[in-house]
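Observations on the three-dimensional arrangement
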Amino acid sequence: MHFTLQIKGKFSLRALLAAFAALALASLAFAAAPTIQIPRIETPPSLSDFEDMKPGVRVAGQMAKVTGFIAREPADGAAPTQNTDVYLAYDQHNLYAVFVCFDQEPEKIRARMTRREDIFSDDSVEIMVDTFHDARRAYAFAANPFGIQWDALWTEGSIRNNTPADFSGFDPSFDTVWRSEGHLTKSGYLVLMAIPFKSLRFPNSDEQEWGLILNRAIPRTNENLFWPRISIRIQGRFNQAATATGLEHVSPSRNIQLIPYGLFRGFRDIDQRDPNSPFFESRRFKPDVGLDSKFILHDSFVLDSTINPDFSQVESDQPQITVNQRFEVFFPEKRPFFLENSNYFTTPINLVFTRRIAHPEFGLRLTGKAGPWAVGVLASDDRAPGERVPPSDPHSGDRATFAIGRISRDILDQSTIGAIFTDREFGGGYNRVGGADANIKLNQNWRVQGQAVTSSTLNSDGTSSAGPGYKIDLERSGRKFNLQSLYLDYSPGFVTETGFVNHVDIREQEIVASYYFRPEGKFLISWGPTLQQFNIWDHQGTGIDYFVYPGLRVDMTRGTFVNFHPYGYDDIRLRPVLDYAGLTRVTAYPQPFWGIEGGTSWFKQFDVAWFFVSGGGANYNPAAGRVPLIGHEDQGNFTLTFHASGRLRIDNTYLLEHIRERASHLTAVTNHIVRSGWNYQFTRELSARVILQYNSVLSNPLLSSLSPTKNFNADFLITYLVHPGTAIYVGYNSNLQNLDRRLVPTATGLLTTRDDFMNDSRQFFVKVSYLLRF
């Protein structure tokens, strides 16, 4: 097959050069970013100065005005349907931004009194500042029309890893102190932000030059508006940002933060450290204390420490199907100390998964940037390994120690190179991993990221292993064509006890691709084919898994999309000994299936999302004496979120996993998970949350080795959050499970009953923390 290009008419070299010149000039004009000088003011602005949707006499002419926002979505480069003005200024202590958001249909504005950081179902505005002006990292501050806050750190060049492209670079674990207020008007809404310089890190210089991006989101029209223009045709944001000047003689000054906390807790739980003699352990209402601290060094580095941290108030994990899985399921970190500045430790291979640190007593972290160099150091202990073993075990009471170091250097055009070293030690053994990585921007659409590491492991029993690991990831981001293509290779001896690599002795090739046609009409925004495909084999050349999943995705207004997969194919191969001892040869399990997923925020009052696949599936937990057999598998996930009365949010989730044998049509296992979370926001500071979750595993003992379990958990929390660091929490958690009250141990855990429930754990706590800032 070949293609022929014919040009008819007169051909002129001069005309061709002129055409190329015109394209070059257009490209330069497209890429040109404005510069804005932010004025200094003596009197801080207030919303009362803008009651008529324009600056009043007191601030008129004193603040820099920004207008002319341009859409990124749904139609890149289009004029917005609503106008937005932003007024900027600063004084000795704060950067100020006043958003004046006009709306021709103000009754359709989405605004709720909700908990902090739960704003993206609402209209919202955002300011992003790149304080080092290096187009690598930035601070993001956003608020809804009532001034409810959301803040995050942004990192350029983050490869998506199945995260929506527009949010892949954000790290919302960053929480800091800043002020915001807002309210609706008859012509739209107003939002005022006051961001203390004490909450930012920036160079120690008399004159600052920062990157600046302003944003407004209108969910009912899918509009994502930016100033200056941030085109989806170009990968990255701060390579298109404006430059903010005029910030002179500002400094965060001395900045020391101390957050002492007091905890009063009582609990009752089952102690299963000795699996042959489980018993109930109780502790009465007992006080405890701890301290988090933060020290700012040279305006650029942050030294964080924690002593006896407590995470009682952290919300429980979102439910996932964990039965009938071949490999460990990933649950993201949620604890604030380990989340903050975690992007300093991010590399292509996940070598820092802090959930491996289960019960620390102390932690120390240093992060920051000096010139082109970024540094991250993390050290912590973990009491959990010594707490999980019986008291008679020689390692009972021992602690594991973690030490992690990461350094990276910026090179040209939003590219970085770096190195990392991790070490975990326990019981005379260790696991150490070290290597180098690179993140290279090839042009405005293409980026490649790669890493090569090696590990060395000495186990407590004296055995050892070692081996390398490699990963390379190529990504293209654009308005129509998006591609992620990766290759990874983990040797049989590769181990990371500080990271998350759930399968070794593999080589894997993977592609995630999409191409969208973009009519960008009144209802239909885009449509096009999608593809997910991977192929896995071991180092002996034996195929382990081949998967292909094509689809057709349609995106419409109001956050509505459908992705239909009429045919998918998964060819899994299980090996004798390595996968299942009962197998005598490599056995193939071909699994054709189909699937559909979608979601919508069409209505102001609720959001819906769903996922369902059905087709061939294997039972990975067969009964004793049996081998896995191919059968039929149904898997589903449905969520429904209500936004009631402007203050109440109700999140409902249902998950299903169902496996039945093909020959007998008998069900091997069914897993139902139902979760309902209710949050009522009395004021911006005071909220009450209830989470109810039911999890049942219904198994056929003739076909499955899984024990039938039923579990009901209730989690109550009252929060009074003044700002990050200063809060009062009152919580209660109770868990019911179908356990035999005699606590009889079995080979798969404690003996269960058919219908009888017992309370196997409960906890009540009161926690008070207070931020001291010097």
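Definitions and limits used
Residues numbered from 1 in each chain as written. Predicted model: local features only at pLDDT ≥ 70, side-chain atom pairs only at ≥ 80, totals over all residues. Heavy atoms only, no water. Helix = DSSP H or I, 4+ residues; strand = E, 2+ residues; numbered from the N terminus. Rg over C-alpha atoms; globule rule 2.2 N^0.38 Å. Buried < 20%, exposed > 50% of the residue type's maximum accessible area, 1.4 Å probe, protein only. Contact = heavy atoms within 4.5 Å. Lys, Arg positive; Asp, Glu negative; His and termini not counted. Charge placed at Lys NZ, Arg CZ, Asp CG, Glu CD. Core = buried A, V, L, I, M, F, W, Y, C linked by side-chain atoms within 4.5 Å. 1 Å grid on protein atoms, 1.4 Å probe; cavity = no way out; pocket = protein on both sides within 12 Å on 5 of 7 lines; lining within 4 Å. Points joined across faces, edges and corners; volume = space filled by probe spheres on them. Nonpolar A, V, L, I, M, F, W, Y, C, P; charged D, E, K, R; others polar. pLDDT = per-residue confidence, 0-100. Phe/Tyr/Trp six-rings, centres within 6.5 Å; stacked < 30°, edge-to-face > 60°. Lys NZ or Arg CZ within 6 Å of the ring centre and 35° of its normal. Pairing = 2+ DSSP bridges. Axes fitted to C-alpha atoms, helices over the stretch in contact; angles between N-to-C directions. Patch = residues over 30% accessible without salt bridge, like charges linked within 9 Å, V, L, I, M, F, W, Y side chains within 5 Å. Areas by Shrake-Rupley, 256 points an atom, 1.4 Å probe, with all protein chains shown as cover. Salt bridge = Lys/Arg side-chain N within 4 Å of Asp/Glu carboxyl O. Polar contact = N/O pair within 3.5 Å; in protein donor to acceptor, adjacent residues only side chain to side chain.

1. Topic: the overall build of the chain
Across its full length, the chain holds 3 helices and 41 strands. Computed over C-alpha atoms, the radius of gyration of the chain comes to 28 Å, within 12% of the 28 Å expected from 2.2 N^0.38 for 774 residues, which places it in the range of a compact globule. Each principal axis of the C-alpha distribution contributes one length, and for the chain these read about 80 × 75 × 50 Å. A burial count over the chain gives 50% of its 774 residues as buried. Long-range pairs, those at least 24 residues apart, make up 60% of the contacts in the chain with a sequence separation of at least 6. Positive and negative side-chain charges of the chain, numbering 77 and 82 respectively, have mean locations separated by a distance of 4 Å.

2. Observations concerning the nonpolar core
In terms of nonpolar packing, the biggest core is built from 40 residues, with Leu 88, Phe 99, Ile 127, Phe 141, Met 193, Leu 212 and Leu 214 touching the most fellow members. By size, the runner-up hydrophobic cluster in this structure holds 31 residues, among which are Leu 351, Phe 402, Ile 420 and Val 501.

3. Side note on empty space enclosed by the protein
Overall, the coordinates contain 3 cavities of 30 Å³ or more when judged by the stated rule. Of the pockets and cavities examined, the largest cavity occupies roughly 40 Å³. Surrounding the largest cavity, Arg 112, Met 113, Thr 114, Gly 646, Arg 647, Leu 648, Arg 649 and Asn 679 form its lining. The residue makeup of the lining of the largest cavity, split by class, is 2 nonpolar, 3 polar and 3 charged.

4. With respect to the confidence of the model for the chain
On average, residues of the chain score 87 in pLDDT, and 91% of them reach the 70 mark or higher. Scored below 50 in pLDDT, residues 159-167 shows 20 contacts in the model against residues more than four places distant or in partner chains.

5. Quick notes on the environment of Ser 293
With respect to the helices, strands and loops of the structure, Ser 293 is situated in strand E16 (residues 279-297). Considered as a pair, Ser 293 and Pro 468 are 175 residues apart in the sequence and their alpha carbons are 37 Å apart.

6. What about the packing of aromatic side chains?
Enumeration according to the criterion identifies 28 aromatic pairs in this entry. Relative to Phe 500, the ring of Phe 330 has its centre 5.0 Å away and its plane inclined at 80°; by these criteria the two rings are edge-to-face. Of this pair, Phe 330 sits in the loop between strand E17 (301-307) and helix H2 (336-339) while Phe 500 is found in the loop between strand E25 (481-490) and strand E26 (506-515), placing the two residues 170 residues apart along the sequence. Residue classification places Phe 330 among the partly exposed residues on the basis of a relative accessible area of 35%. Here Tyr 680 and Phe 682 contribute two aromatic rings whose centre-to-centre distance is 4.9 Å and whose plane-to-plane angle is 65°, an arrangement assigned as edge-to-face. Residue Phe 682 is classed as partly exposed on the basis of its relative accessible area of 42%. An aromatic cluster of at least three residues, connected via ring pairs, comprises Tyr 90, Phe 197, Phe 202 and Trp 210. The ring of Trp 154 has Arg 237 lying over it, and the distance from NZ or CZ to the ring centre is 4.8 Å.

7. A closer look at the sheet that holds strand E10 (residues 179-185)
Pairing is antiparallel in the open sheet, where 5 strands are placed in the order E2-E4-E5-E11-E10. This sheet does not close on itself; its edge strands, each paired only once, are strand E2 (64-66) and E10. Neighbouring strand axes in the sheet, compared pairwise and without regard to direction, differ in orientation by 15° on average. With 9 bridges connecting them, strand E5 (residues 94-102) and strand E11 (residues 188-196) associate as antiparallel partners. Each bridged residue has a counterpart across the sheet, and for Phe 102 the counterpart in E11 is Gly 188.

8. A short note on a nonpolar patch on the surface
Together, Phe 264, Phe 285, Leu 692, Phe 712, Phe 716, Tyr 732 and Phe 764 line one region of the surface with nonpolar side chains, adding up to about 600 Å² of accessible area. By the element assignment, Phe 716 lies in strand E36 (residues 709-723).

9. A look at the pairing of strand E21 (residues 415-426)
A regular strand places its side chains on the two faces of the sheet in alternate fashion. Where strand E20 (residues 400-411) meets E21, 11 bridges bridge the pair, whose relative direction is antiparallel. Of the residues in E21, the one forming a bridge with Thr 401 is Glu 425. Counted along the chain from E20 to the antiparallel partner E21, the turn is 3 residues long, and its residue Asp 413 has a positive phi close to 55°. Of the strand pairs in this sheet, E21 and strand E22 (residues 429-441) are connected by 11 bridges, and their pairing is antiparallel. Along E22, the bridge assignment pairs Phe 421 with Gly 434. Between E21 and E22, which pair antiparallel and follow one another directly, the connecting turn spans 2 residues, one of which, Gly 427, has a positive phi of 60°.

10. A few points about the environment of Asn 439
With respect to the helices and strands, the residue Asn 439 is situated in strand E22. A C-alpha to C-alpha distance of 36 Å links Asn 439 and Gln 591, two positions 152 residues apart in sequence. If near-sequence neighbours (up to four positions away) are discounted, Asn 439 is found in contact with Gly 157, Gln 414, Ser 415, Thr 416, Arg 447, Val 448 and Gln 449. Engagement of the side chain of Asn 439 in a polar contact is seen with the side chain of Arg 447, the distance being 2.9 Å.

11. Observations concerning the pairing of strand E8 (residues 149-155)
Counted residue by residue, E8 has 7 buried out of 7 residues, so it is predominantly covered. Side chains Gln 149, Asp 151, Leu 153 and Thr 155 project from E8 onto one buried face, and the interleaved Trp 150, Ala 152 and Trp 154 project onto a second face that is buried too. In the sheet, strand E7 (residues 137-143) pairs with E8 via 7 bridges, with the strands oriented antiparallel. Note that in E8 the partner of Arg 137 across the bridge is Thr 155.

12. Let's talk about unusual backbone geometry
With an omega of 0°, the peptide bond between Glu 73 and Pro 74 qualifies as cis. Within the secondary structure, Pro 74 sits in the loop between strand E3 (70-73) and strand E4 (84-90). Put simply, Trp 227 and Pro 228 share a cis peptide bond, and its omega is -5°. Structurally, the position occupied by Pro 228 is in the loop between strand E13 (223-227) and strand E14 (242-248). Residue Glu 117 is not a glycine yet carries a positive backbone phi of 80°. Here Glu 117 is to be found in the loop between E5 and strand E6 (124-130). One non-glycine residue, His 249, lies in positive phi territory at about 55°. Note on placement: His 249 falls in the loop between E14 and strand E15 (256-271). With relative accessibility at 51%, the residue His 249 sits in the exposed group.

13. With respect to the pattern of salt bridges
All told, the structure shown has 40 salt bridges when counted by the stated rule. The residue Glu 105 makes a salt bridge to Lys 108 at a minimum N-O spacing of 3.1 Å. According to the relative accessible area criterion, Lys 108 is partly exposed, its value standing at 36%. Linking Asp 410 and Lys 369 is a salt bridge whose minimum nitrogen-to-oxygen distance equals 2.5 Å. With Asp 410 in strand E20 and Lys 369 in strand E18 (residues 362-370), the pair connects residues that are 41 residues apart, well separated along the chain. Per residue, the accessibility class of Asp 410 equals that of Lys 369, and both read buried. Several salt bridges converge on common partners, so that one network encompasses Asp 103, Glu 105, Lys 108, Arg 216 and Arg 220.

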